[in-house]
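# Understanding the architecture of this molecule
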Amino acid sequence: MTEQYFVQQRGFHNIYNDDGTIWGFQFKMCTLYYKGLWLSQFRAGDAIVDGVVYPKETLIWNIQGIDYSREEMYDRMDQYWQVADTATVKVPCPGGLKQGYHTVEIQFGWICNYNAALEPDPNGNTLGIMGPYTRMSTAAGSAHPTERRLLLVW
Amino acid sequence: MVEYSAIQQRGFHNTCDAKGNLDGFEFRFTPKYYKGLWFTQCRFGNVTVDGEVFDRDSLIFEYDGLEYTREELFDVKIYWQIRVPITVKVKKPGGLKLGYHDVSMDFGWVLNYNGEPEKEFDGSGLGNGGHMMGTENSRRMLLAR
Amino acid sequence: MSEIKKGTPKRGISVYSYCRLLGYTMTLDDVFEDMYDAGATCFELLANHIENYPNPSTQWIDHYFHLCEKYHMQPAEMGHWAETHLHRGPRMSDEQILANLIRDFKLANLLGFKSLRTKITCINEYCDPEPEWEHLMELALPYAEKYDVAMLSECHAPTKLTRQHIYDYLEFADKHQTKHFGINVDFGTFQNQWPEDIYSPEEMERRRSRGYGKPDSWSQPEDIIPILPYSKTCHAKFNYVDENFEERTIPYAKVLQLMVDNGWSGNLVSEYEGPGREDAAFLGDQLRRHHILMSRILGY
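Below: a short report on this structure. (Residues numbered from 1 in each chain as written. Chains lettered and ligands numbered in written order. Predicted model: local features only at pLDDT ≥ 70, side-chain atom pairs only at ≥ 80, totals over all residues. Heavy atoms only, no water.)

## Structural notes on the overall build of chain A
We apply this condition: What counts as a helix is a DSSP run of H or I of at least four residues, what counts as a strand is a run of E of at least two, and both are numbered from the N terminus. In this analysis, two residues are considered to be in contact whenever any of their non-hydrogen atoms come within 4.5 Å of each other. To measure how exposed things are, a 1.4 Å probe is used in the Shrake-Rupley method; for residues, cover is taken only from the protein chains shown. Neither His nor the chain ends contribute to the count of charged residues, in which Lys and Arg are positive and Asp and Glu negative. Charge placement uses NZ in Lys and CZ in Arg. For Asp and Glu, CG and CD serve respectively.
Looking only at helices and strands, chain A has one helix and 11 strands in total. The N-to-C order of helical and strand elements in chain A reads β-β-β-β-β-β-β-α-β-β-β-β. In terms of overall dimensions, chain A has C-alpha extents of about 50 × 40 × 30 Å along its principal axes. Counting contacts in chain A only where the partners sit at least 6 residues apart, residues at least 24 apart contribute 67% of the total. Counting only carbon and sulfur atoms, one obtains 52% of the accessible surface of chain A, whose full area is about 7600 Å². Mean positive and mean negative side-chain charge positions of chain A (12 and 16 charges, respectively) differ by 7 Å.

If you want it as structure tokens, here you go:
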């Protein structure tokens, strides 16, 4: 199941090569939107960890078991990212992150065909016209920050 | 999935007889205990709604599609799976009025560690295990049908 | 005198720690993923975590082994109860009690467990056993051997490791020269601090009424040494691990070092049963802190 946070606690760790060296780290995220999205509607942005920017072009997005680059997702009108499902963001970073607390943020958005104008940039180079919704319109008015402090063990 | 409260919000409504007349109400219950229980270990008490007491021996308990009285459950060698609710069916001609109601049920169990065996040899009490969480389970709920 | 080879205990987690989340907001898949993130390599499951216990479907069993493979987890211990009073009235017959134990032994064996956390029926909060315990364990031993499981009775606070029944258990194991009966040491028995910023006065009052926290009511770290040969799995109980990865209520470094120095290589399963268990983020953070704490003491 998915936590009510953009950045999930589960799934945060370094990624190892077969020879034991670390090539990067990963974390999971969820849009928290009330509905799912076709991959072609999603607009992936940069990952920012401890203030270090990992450009969007370098990130690998794993959705339902398949890896995609940001570019590859633009044409996938046939793949639906189910509501409340998480995506795993893999960040190339030789040596990975040290054991301890890290501040993890992911920038993202999406396009939608109602309640707003069409996406201004026909190349899809922006973060779309919707999301993330950092303040949910619930009675409690809960805030959902896009960054989260997480503990990495390995 | 179940709610944290022992008395569940889902499943609370009036019931009808075969002719469509309101004949009672029902609600779902799941112990807050960290493990499941054999039904033979369970000690069911009275249901109280808005101060009206429904004797424990008048209640019907439905689990996995089968109905039992409190007396029958003493011999039911079935494991009450954790986080799977039982439905408690209460007879009351005309059912409950639509609106808020204070619903409670006494419930306990026997366990074989951390304490002495149950005092009531015939199982007429609330066992020896419910004291950890309290044997009275109450909730104010809104009945809409 | 030859030097004792240092022990290499395995770090694990008890699924019991998730008992206020599993089935509410987490599935078993989520729990395995969480344990994996903490660096755990083994786990404890309670019998009721087995779907449709005591008769799991083959589909569930397949999925269980899939989770073990996917997350590189070894089954460490299954928690079960040696019930003797399942129905009102008199104690169950030996045949009835034994049949239930054998059922659990078979299930544990099927699911790959070598240890069982066996709750023997007891008569007070210090878990002094029912008088017939020895007879029951003698009946059960051949089956525990057959299904290759060790019945480990838990020493849990407020019981001290020097309580008479612990000695009786060790004597039983020696008398029968068996590795299929022993002790699971819950580290809560070593708790010797109750910091005011963790325990409110009301909480302390409640605990004292149950035998906790009174002077001389806890085990000393050295008390674990004679128990080690009889223990395959221990509950690495913790109450709060702070931001510096220190556990402030139990002398962790001392206890773990003694275990390692005395050659113990069993399963250490983290167990949390304090407040905040309904908050997945808090619990997940505490379990990760606990594993960092243990990894720094153990060196891996």
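After that view of the structure, there is still more to cover.
## Digging into the interface of chain C and chain B
Here is the rule: Put simply, buried area is how much 1.4 Å-probe accessible surface two parts lose in total, over both of them, once they are put together. Salt bridge, as applied in this entry: a Lys or Arg side-chain nitrogen positioned within 4 Å of an Asp or Glu carboxyl oxygen. Polar contacts, as counted here, are pairs of nitrogen or oxygen atoms within 3.5 Å of one another; within protein the pair requires one atom able to donate a hydrogen and one able to accept it, and residues that are adjacent in sequence qualify only if both atoms are side-chain atoms.
In this assembly, 38 residues from chain C lie in contact with 28 residues from chain B. Surface buried jointly by chain C and chain B totals about 2900 Å² across both partners, of which 54% is contributed by carbon and sulfur atoms. Interface area lost by chain C to chain B is led by C:Tyr24, C:Asn48 and C:Arg88, which between them contribute 27%. On the surface where chain C and chain B come into contact, there are one salt bridge. As a salt-bridge pair, C:Arg88 and B:Glu71 come within 2.7 Å of each other at their nearest N and O atoms. If you look at where chain C meets chain B, you find 15 residue pairs in polar contact (both at pLDDT 80 or more). Looking at the side of chain C that touches chain B, the elements that each hand over two or more residues are β3 (74-82) and β4 (115-120) of chain C. If you tally residues by element for the side of chain C that touches chain B, the top one is β4(C), at three residues.

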